[in-house]
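Close look at the chain arrangement
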Amino acid sequence: MDVSFILDALNDKQREAVAAPLQNTLILAGAGSGKTRVLVHRIAWLMHAYEVSPFSIMAVTFTNKAAKEMQARIEQLVGLPPQGMWVGTFHSLAHRLLRAHWRDAGLKQNFQIMDSDDQLRLIKRIMREQNIDETRWPPKQVCWFINAQKDEGRRAAHVPPSNDPFSQGMHQLYYTYEEVCERTGVLDFGELLLRAHELLLNTPALLRHYQQRFVHVLVDEFQDTNTIQYAWLRLLVGDQGSITAVGDDDQSIYGWRGAKIENIQHFNKHFHDVSTIRLEQNYRSTGHILKAANGLIKNNDDRLGKELWTDSGEGEPISLYAGFNEQDEARFIISIIKKWRDDGTSLRDMAILYRSNAQSRVIEECLVREQIAYRIYGGHRFYDRLEIKNALAYARLGIDVNDDSAMERVINIPPRGIGERSIGTIRELARDQGCSMWQAAMEIVRQELLPARATNAIKAFLELIQGMQLTIQTDNLSLGDIFEQLIKEAGLIPYHEKEKGEKGAARVENLKELVNAASGFSWTQEDAEEEEYSSPMMAFLDQAVLDAGEAQADEYQDAIQLMTLHSAKGLEFPLVFLTGVEENLFPSRMSFEEPGRLEEERRLCYVGITRAMEKLYITYAESRRLHGSDSFNSPSRFINEIPPECLEEVRLRSQVSRPVSTQRPTFERPITRAAQLQGYQVPETNVSMGDRVNHPIFGEGLVVNYEGQGPQARVQVNFDDQGTKWLVLAFAKLEVLS
DNA sequence: CTGGCGGTTCTTTTT
DNA sequence: GAACCGCCAG
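**What about helix α4 (residues 64–78)?**
With 15 residues, α4 extends 21 Å from end C-alpha to end C-alpha; this agrees with the ideal 21 Å at 1.5 Å per step. Burial in α4 covers these residues: A67, M70, I74 and V78. All buried residues of α4 project into a common sector of 65 degrees when viewed along the axis, lining one side. The inward-facing, buried residues of α4 abut α3 (35–49), β2 (57–61) and β3 (86–89).

Written out as structure tokens, the structure is:
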């Protein structure tokens, strides 16, 4: 068979990777080196050169988007959809295993998946039931704690005991949470992975079966695997199978979510006979951009080592712009955008990247003023939206009336006179009787345990849901029809129409979109053979949780792309703005404490730089209004780490052009805000950072921080013997000592 | 049960 | 600066 079409369009290294022998392979693929391409061609190569059946191939990604893209590209290259191949995210594959073997996994047949939002609600509910102080154990932190444990593959019983009451409380909550999930048959995201791992571990026959089946496992973005994902892979691959891992240790940016960069760093210790191939030729960016990226990332230790190169020329140097404040920064960016647009670049080819979402607002306002179309990535995904989740909850309740979390969500949406008191009574009764809220509600209606008004309201609700049950079970209704019907019965449209502002209208639109999505859902295409779904509705609900969908529908509109650096990974744009590149913001001040965090920030910066194809602008603001008060940050250390010859400073109103090198501050670590502000005068006052001051009551001290300006300015003074205090400058009679 | 007010918090977020 | 939460008054 002629297999040359698979290798023809590849460079030497790519070819080496694609045609690597059938053994464990690590492909270190730098940014823009054709990573996905290699993976897809490798699969085609296995099928054609080795006549591997698609049945024995599993390809794993992190995002649904990546999975879909891979699937599409395999089809394109091989010619037809590969029957029997498993391509999906870690979560969707785990889910598939669990649906097929729910009994072995110790699950209920109709187990439900909950997303992070449901999870947090559940935790709050549990804590309220147990009267746990939410200020001591903030539910968000509890949630974070549980997820972190699950990422590490630890059940409550595996969490090492601790002496301090705070950790003990967390631990105890994990136990309770686990028990509630078990009892009610709901699984969070982490649980999918944990269960799938345990399923294989505890069922040797099953493990053998899958090990024999999936002889070839391919993993994308390997640097982002966490402990449990890694354990699952190792188990599945076993001694006989082979794994092809593609990744880039320099682009590991999810450590804070449990990803272990060590997994890729120590790959060849854990898998045998590993051949490692480096893809370093970059097809994306200009020489200057790559040089900057290489120079920056060199400051990290413990790298597997890689240096990107290109043969397509130096290109323009990176432009560095120091904005006076965030407004000025935004104005500058938009002036450049206009220039490029007028020169014929599509808006969709330009991206503005930032470290944190809060930064987008100023830029958005500016774009709106200038009437430039933009699109924000991230934010709330389709199936995450409140109105959508409510509609889905009605469906869930219609399928299983004992689904308490669905019941909690919609029992009084739209408001129907079942208030917190009534719900509390239902909850309490359910708890006492050990039954579901539905059953408790039935009981209350039967025995009229509440005032007539409340009882009637509950009765009406129960009848509403019973009606929905019938709707869902009606045979000749399509999924879309069912949702249309449910939304109507629940009265969600008039409810949202009543909302003030644009919001309500958008929600009504989204509900219509949900009906559309449901109509278009094709269940038969899914490999239904192994999944024991009793209805298309069940399958639809699961996929709605696992694939939250695109954030915005108008994907093809020509618009500037705005996103966080995290969401930019994997994308590329001819023109890129890296904004807010200031100490405390990027690197984020949160990253200073824990070791290793700073390196992750640096990798994030590396990711940002390598998104740019032709031209990169780096901007920062000398003063920035964030969270309501002004901060004065120095330019990021990352700017210093970029080789000066790649950088060129621009000044719009250029009277003074400061040479880049002299303006660079030197950094001592740890950098405190006080150190940075040293000598800075609080605007419209006579006080500067670092001044020694005298206060009539507190005595002498040092000005270490401030916020606001002019009459509103407050300063933080570190008094010699009174500790630090915040004082309003206008009132405190501070005397500046020189 | 709803609406309004004040206090608090504020990195990133593939599933 | 705004979003979210909890508390209180109507």
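**Some points on the protein's contact with DNA strand C**
Residues in contact with DNA strand C, as listed here, are K124, R128, E134, R361, H627 and G628. A share of 27% of the atoms of DNA strand C within 4 Å of the protein falls on sugar and phosphate groups. One of the side-chain N or O atoms of K124 is found 3.2 Å from a phosphate oxygen in DNA strand C. Take H627: an N or O atom from its main chain is 3.0 Å from a base oxygen of DNA strand C. Across the surface near DNA strand C, the residue classes tally to no nonpolar, 2 polar and 4 charged.

**Side note on the protein's contact with DNA strand B**
The immediate surroundings of DNA strand B are formed by 29 residues, with R257, R355, P415, I418 and G419 found nearest. The contact atoms of DNA strand B, taken as those within 4 Å of the protein, divide so that sugar and phosphate hold 52%. For DNA strand B, a phosphate oxygen lies 3.2 Å from a polar atom in the side chain of R381. T564 has a polar side-chain atom sitting 2.5 Å from a phosphate oxygen of DNA strand B. Contributing elements (two or more residues each) for the surface near DNA strand B: α19 (420–433) and α26 (565–568).

**A few points about the domain arrangement of chain A**
Under the domain assignment, chain A is made up of domain 1 (4–103 + 193–281), domain 2 (112–184), domain 3 (318–378 + 555–650), domain 4 (382–422 + 450–547) and domain 5 (655–736). Distance from the C-alpha centre of domain 2 to the C-alpha centre of domain 4: 27 Å. Domain 2 puts 8 residues into the contact, and the matching count from domain 4 is 11 residues. Counting the surface lost from both domain 2 and domain 4, the interface buries some 960 Å², and carbon and sulfur atoms represent 42% of this. Sorting the residues of domain 2 by area buried against domain 4 places Q112, I113 and R125 first, and these three jointly supply 56% of that buried surface. For the pair domain 2 and domain 4, the interface holds 6 salt bridges. Where D118 meets R409, a salt bridge forms, and the shortest distance between an N and an O atom there is 3.9 Å. The tally of links from domain 2 across to domain 4 stands at 4 residue pairs in polar contact (both at pLDDT 80 or more).

What counts, and at which threshold
Residues numbered from 1 in each chain as written. Chains lettered and ligands numbered in written order. Predicted model: local features only at pLDDT ≥ 70, side-chain atom pairs only at ≥ 80, totals over all residues. Heavy atoms only, no water. Helix = DSSP H or I, 4+ residues; strand = E, 2+ residues; numbered from the N terminus. Expected span 1.5 Å × (residues − 1). Buried < 20%, exposed > 50% of the residue type's maximum accessible area, 1.4 Å probe, protein only. Arc of directions from axis to C-beta. Contact = heavy atoms within 4.5 Å. Near = heavy atom within 4 Å. Polar contact = N/O pair within 3.5 Å; in protein donor to acceptor, adjacent residues only side chain to side chain. Nonpolar A, V, L, I, M, F, W, Y, C, P; charged D, E, K, R; others polar. Domains from an automatic or database assignment. Buried area = accessible area lost by both parts, 1.4 Å probe. Salt bridge = Lys/Arg side-chain N within 4 Å of Asp/Glu carboxyl O.

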